[in-house]
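Residues per chain, in single letters:
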Amino acid sequence: MPQPYDRVFNFSAGPGTLPVEVLEQCREEMLNCQGSGMSVMEMSHRSSEFEAIIGAAESDLRDLLAIPSTYKVLFLQGGASLQFSMVPMNLLPEGGFAQYVVTGAWGKKAVESGQIEGDARVIFDGKTSNYKSVPDLGSLAVEPAAAYVHVTTNETIQGVEFASDPSVAPPLVCDMSSDILSRPVTVSNYGLIYAGAQKNMGPAGLTVVIVREDLLERTPKSMPPMLDYRLQAKNGSMYNTPPCWSVYVSGLVYKHVKKLGGVAAMAQKSAEKSGVLYDAVDGSGGFYNGHAEKSARSRMNVTFTLQDDSLTGDFLKGAEEAKLSGLHGHRSVGGFRASIYNAFPLEGCKVLAGYMADFAKRHG
Ligand code: PMP
């Protein structure tokens, strides 16, 4: 079936597909945003109109994730990558140590940045098994004295995901960039959650940080202001000009997800969509192989390879011709990665599964 506006099925790992309805609303409001007589990109961030936009975005996000009132929500810039440094700069006191669970490439980057700032220790590294699994945190040497334990709930490159909220005694810091809003989470399990917007929330440029208030007390006195959680919280994320456009579009996405039934509905949809693709892999009799162990399979990034790697180029060429875009895997994993964030339609997964079966028939 032709897609609206002749759009392709966009399997990009991020920035990724946004809901068509949201993009249409952006278009509608491009020149006159919500009766203000101007675009959101031209609007003072100190205006009552923008205050209303950022206020609604925060309250809708709080509703979606049932964020307790003891947590601050910050709308920051610098991408999730800046959080790799801001987390230890704010939460890792001198003389203290933090523990990192490394289940893929992003967790590795997080700990490398942590080690620049202080004593950041790796307590699990899935590298030896080529990042195919996630550990049971209960089986790791988590130390109660750790300043925090860092996890990445979904590793975007390898396509491995924790199936449910991890839980540990020290404050849990979580990079949720590629699975936030894809299922209900118990926010109180976490000390801090961070996520770049450009997968499940909106355009790049915005990073959301959800942080338990008492942890803000840890921020050292002398910090570069822009990197200081406490200062950002005190200023309502408006210490400087926030990424107004990204906040606005993300706010529209939050409303859209609420309309669709919230994160529980997203979880159901994600299970169905990823199920279609994993069934296509598992039903291929070994023509395709999934990268992740079954228990750690990501619902957001489905990674798989061909038994015969020499066919990879042909697969991708045919896929592009069939309007299945952005399927090439990361060079460290090879093969293919189908990123199917919240806004990606089920129909696209069915079309890809059909293409996979047809390709296998032609080359098997
Ligand atoms: N963490 C994860 C899990 C990611 O997928 C990404 C980006 N793909 C990042 C961190 C880095 O995000 P950013 O580009 O916003 O810095």
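Structure: see above.
Remember, predicted model here, so these are calculated numbers, not experimental data.

## As for the overall build of the protein chain
Of regular secondary structure, the protein chain possesses nine helices and 14 strands. Over its C-alpha atoms the protein chain spans a radius of gyration of 21 Å, differing by no more than 12% from the 21 Å that the globule rule assigns to 364 residues. Counting all 364 residues of the protein chain, 55% fall into the buried class. Excluding contacts between residues fewer than 6 apart, the proportion of contacts in the protein chain whose partners are at least 24 apart in sequence is 66%. A total accessible area of about 15200 Å² is found for the protein chain, and carbon and sulfur atoms account for 53% of it. The average position of the 32 basic charges and that of the 38 acidic charges among the side chains of the protein chain differ by 0 Å.

## Side note on the site of the ligand
Contacts to the ligand come from 13 residues, most closely from Ser81, Thr156, Asp175, Gln198 and Lys199. The separation between an oxygen atom of the ligand and a polar side-chain atom of Trp106 is 3.4 Å. Gln198 places a side-chain nitrogen or oxygen 2.9 Å from an oxygen atom of the ligand. With four residues, the single largest contributor to the shell around the ligand is helix α3 (residues 79–91).

## Comments concerning the pattern of salt bridges
The full count for this structure, using the stated rule, is 16 salt bridges. Between Arg299 and Glu161 there is a salt bridge; the shortest N-O distance is 2.7 Å. Separated by 138 residues along the polypeptide, Arg299 in the loop between β11 (288–290) and β12 (301–306) and Glu161 in strand β7 (residues 160–161) bring together distant segments of the chain. Taking relative accessible area as the criterion, Glu161 reaches 2% and is therefore assigned buried. Two residues, Arg362 and Asp358, come together in a salt bridge whose shortest N-O distance is 3.2 Å. Taken together, the positions of Arg362 and Asp358, both in helix α9 (residues 346–363) and four residues apart, correspond to about one turn of that helix. Asp358 sits in the partly exposed class, given a relative accessible area of 35%. Linked by salt bridges that have partners in common, Asp60, Asp63, Lys255 and Lys258 make up one network.

## A few points about the packing of aromatic side chains
Applying the stated criterion across every chain yields a total of 16 aromatic pairs. Between the aromatic rings of Phe304 and Phe336, the centroid separation amounts to 5.2 Å while the plane-to-plane angle is 50°, which identifies the pairing as tilted. Taken together, the residues span a long stretch of sequence, with Phe304 in strand β12 and Phe336 in strand β14 (residues 336–339) at a distance of 32 residues. Under the relative-accessibility criterion, Phe304 is labelled buried at 1%. A network of ring pairs unites the aromatic residues Phe287, Tyr288, Phe304, Phe315, Phe336, Tyr355 and Phe359 as a single cluster. Of note, Arg121 hangs over the ring of Phe97, and the distance from its end group to the ring centre comes to 4.0 Å.

## Looking at the sheet that holds β12
With respect to topology, three strands assemble into an open sheet ordered β11-β12-β14, the strand pairing being antiparallel. A single partner strand is all that each edge strand has here, and the edge strands are β11 and β14. The sheet shows a mean angle of 30° between the axes of neighbouring strands, direction not considered. Here β11 runs beside β12; their pairing, made up of three bridges, is antiparallel. Following the sheet pairing, Tyr288 is matched in β12 by Leu306. On top of the sheet, helix α7 (residues 262–282) reaches β11, β12 and β14; it is set at about 15° to β12, its chief contact. On top of the sheet, α9 reaches β11, β12 and β14; it is set at about 135° to β11, its chief contact.

Quick notes on the rules
Residues numbered from 1 in each chain as written. Predicted model: local features only at pLDDT ≥ 70, side-chain atom pairs only at ≥ 80, totals over all residues. Heavy atoms only, no water. Helix = DSSP H or I, 4+ residues; strand = E, 2+ residues; numbered from the N terminus. Rg over C-alpha atoms; globule rule 2.2 N^0.38 Å. Buried < 20%, exposed > 50% of the residue type's maximum accessible area, 1.4 Å probe, protein only. Contact = heavy atoms within 4.5 Å. Areas by Shrake-Rupley, 256 points an atom, 1.4 Å probe, with all protein chains shown as cover. Lys, Arg positive; Asp, Glu negative; His and termini not counted. Charge placed at Lys NZ, Arg CZ, Asp CG, Glu CD. Near = heavy atom within 4 Å. Polar contact = N/O pair within 3.5 Å; in protein donor to acceptor, adjacent residues only side chain to side chain. Salt bridge = Lys/Arg side-chain N within 4 Å of Asp/Glu carboxyl O. Phe/Tyr/Trp six-rings, centres within 6.5 Å; stacked < 30°, edge-to-face > 60°. Lys NZ or Arg CZ within 6 Å of the ring centre and 35° of its normal. Pairing = 2+ DSSP bridges. Axes fitted to C-alpha atoms, helices over the stretch in contact; angles between N-to-C directions.

Keep in mind these numbers describe shape, not what the thing actually does.
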